[in-house]
Amino acid sequence: MLPITGIELIALIPQKPPFVMIDTLIATDGIRCNTAFTILADNVLCDDGKLNPSGLLENIAQTAAVMSGYSLKMENKEQLAGFIGDIRDFAWTQLPAIGDEIITEVTLVNKVFDVTIITGRIKLGTEEIAS
């Protein structure tokens, strides 16, 4: 069933166009999730030809959302909207440009009741550009 793109991917997350910041669910095992995203010129979170830091954060958040959405779909459970409660230690070294493809990995660190703690990192090629 993986990879997942297009309408099937959008059905797994609460975000809808034009605010979708992932293109492909590459892999997930419930603990880790990998997505791909190609930056397009009409992206609402692009400034001066680059995805801005808010776009990087949203990409990580949507990667976490698709991991949850995919797991719930596999269990035939209803998808719930999630909320970001806190962001800690976010850093970026480079902003991807229009046409660049980024690969994002989210790892589940802990889950207590309905609260999920994750770490995320984004790579451009082999270089980590945000975490």
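Report follows, based on the coordinates. (Residues numbered from 1 in each chain as written. Predicted model: local features only at pLDDT ≥ 70, side-chain atom pairs only at ≥ 80, totals over all residues. Heavy atoms only, no water.)

### As for the overall build of the protein chain
Link 1 in the chain: When its secondary structure is counted, the protein chain shows two helices and eight strands.
Link 2 in the chain: Scanning the protein chain from its N terminus toward the C terminus, one meets helices and strands in the order β-α-β-β-β-β-α-β-β-β.
Link 3 in the chain: Computed over its C-alpha atoms, the radius of gyration of the protein chain comes to 14 Å, within 12% of the 14 Å expected for a compact globule of 131 residues.
Link 4 in the chain: Based on the C-alpha atoms only, the size of the protein chain along its principal axes is roughly 40 × 30 × 25 Å.
Link 5 in the chain: A total of 131 residues make up the protein chain; the buried ones form 37% of that total.
Link 6 in the chain: When the accessible surface of the protein chain is split by element, carbon and sulfur atoms take 55% of a total near 7700 Å².
Link 7 in the chain: One finds the centroid of the 9 positive side-chain charges in the protein chain at a distance of 7 Å from the centroid of its 17 negative side-chain charges. (Helix = DSSP H or I, 4+ residues; strand = E, 2+ residues; numbered from the N terminus. Rg over C-alpha atoms; globule rule 2.2 N^0.38 Å. Buried < 20%, exposed > 50% of the residue type's maximum accessible area, 1.4 Å probe, protein only. Areas by Shrake-Rupley, 256 points an atom, 1.4 Å probe, with all protein chains shown as cover. Lys, Arg positive; Asp, Glu negative; His and termini not counted. Charge placed at Lys NZ, Arg CZ, Asp CG, Glu CD.)

### Here's the deal with the pairing of strand S2 (residues 24-28)
Link 1 in the chain: When strand S1 (residues 4-5) meets S2, the two strands line up antiparallel, connected through two bridges. If you follow Ile4 over to S2, its bridge partner there is Leu25.
Link 2 in the chain: In this sheet, strand S3 (residues 32-38) lies alongside S2 in antiparallel orientation, the contact comprising four bridges. Across the sheet, Thr28 pairs through a bridge with Cys33, a residue of S3.
Link 3 in the chain: In this antiparallel pair of consecutive strands, S2 and S3, the connection spans three residues, and Gly30 shows a positive phi of 90°. (Pairing = 2+ DSSP bridges.)

### Here's the deal with the pairing of S3
Link 1 in the chain: By the criterion of burial, S3 is predominantly enclosed, with five of the seven residues buried.
Link 2 in the chain: Direction of pairing for S3 relative to strand S6 (residues 101-112): antiparallel, over a ladder of seven bridges. Looking across to S6, one finds that Phe37 is bridged to Ile102.

### As for the environment of Val115
Link 1 in the chain: With respect to the element layout, Val115 can be found in strand S7 (residues 115-124).
Link 2 in the chain: Of the residues examined, Val115 reaches a relative accessible area of 52% and is grouped as exposed.
Link 3 in the chain: In this structure, the C-alpha to C-alpha distance between Val115 and Asp100, residues 15 residues apart in sequence, is 32 Å.

### Quick notes on the nonpolar core
Link 1 in the chain: Core analysis: the largest hydrophobic core is formed by 28 residues, its most contacted members being Leu25, Leu51, Val66, Ile102 and Ile122.
Link 2 in the chain: Ranked by residues supplied to this core, first place goes to helix H2 (residues 53-74) with seven residues.
Link 3 in the chain: Excluding residues within four positions of it along the chain, Val66 makes contact with Leu9, Leu12, Ile13, Ile22, Leu25, Cys33 and Thr35. (Core = buried A, V, L, I, M, F, W, Y, C linked by side-chain atoms within 4.5 Å. Contact = heavy atoms within 4.5 Å.)

### Concerning the sheet that holds S6
Working definition: the strands of a sheet are paired by backbone hydrogen bonds and lie parallel or antiparallel to each other.
Link 1 in the chain: Sheet architecture is open: six strands sit in the order S1-S2-S3-S6-S7-S8, paired in antiparallel fashion. The outermost strands of the open sheet, each flanked by one partner alone, are S1 and strand S8 (127-130).
Link 2 in the chain: Strand contacts of H2: S1, S2, S3, S6, S7 and S8, with the helix running at about 60° to S6, the strand carrying the most contacts. (Axes fitted to C-alpha atoms, helices over the stretch in contact; angles between N-to-C directions.)

### A word on the pattern of salt bridges
Pairs can form between side chains of opposite charge once their charged atoms are near each other.
Link 1 in the chain: Counting across every chain of the model gives four salt bridges.
Link 2 in the chain: Between Arg88 and Asp86 there is a salt bridge; the shortest N-O distance is 2.7 Å.
Link 3 in the chain: For Arg88, a relative accessible area of 67% translates into the label exposed.
Link 4 in the chain: As a salt-bridge pair, Glu128 and Arg121 come within 3.7 Å of each other at their nearest N and O atoms.
Link 5 in the chain: Overlapping salt bridges bring together Glu105, Arg121 and Glu128 as one network. (Salt bridge = Lys/Arg side-chain N within 4 Å of Asp/Glu carboxyl O.)

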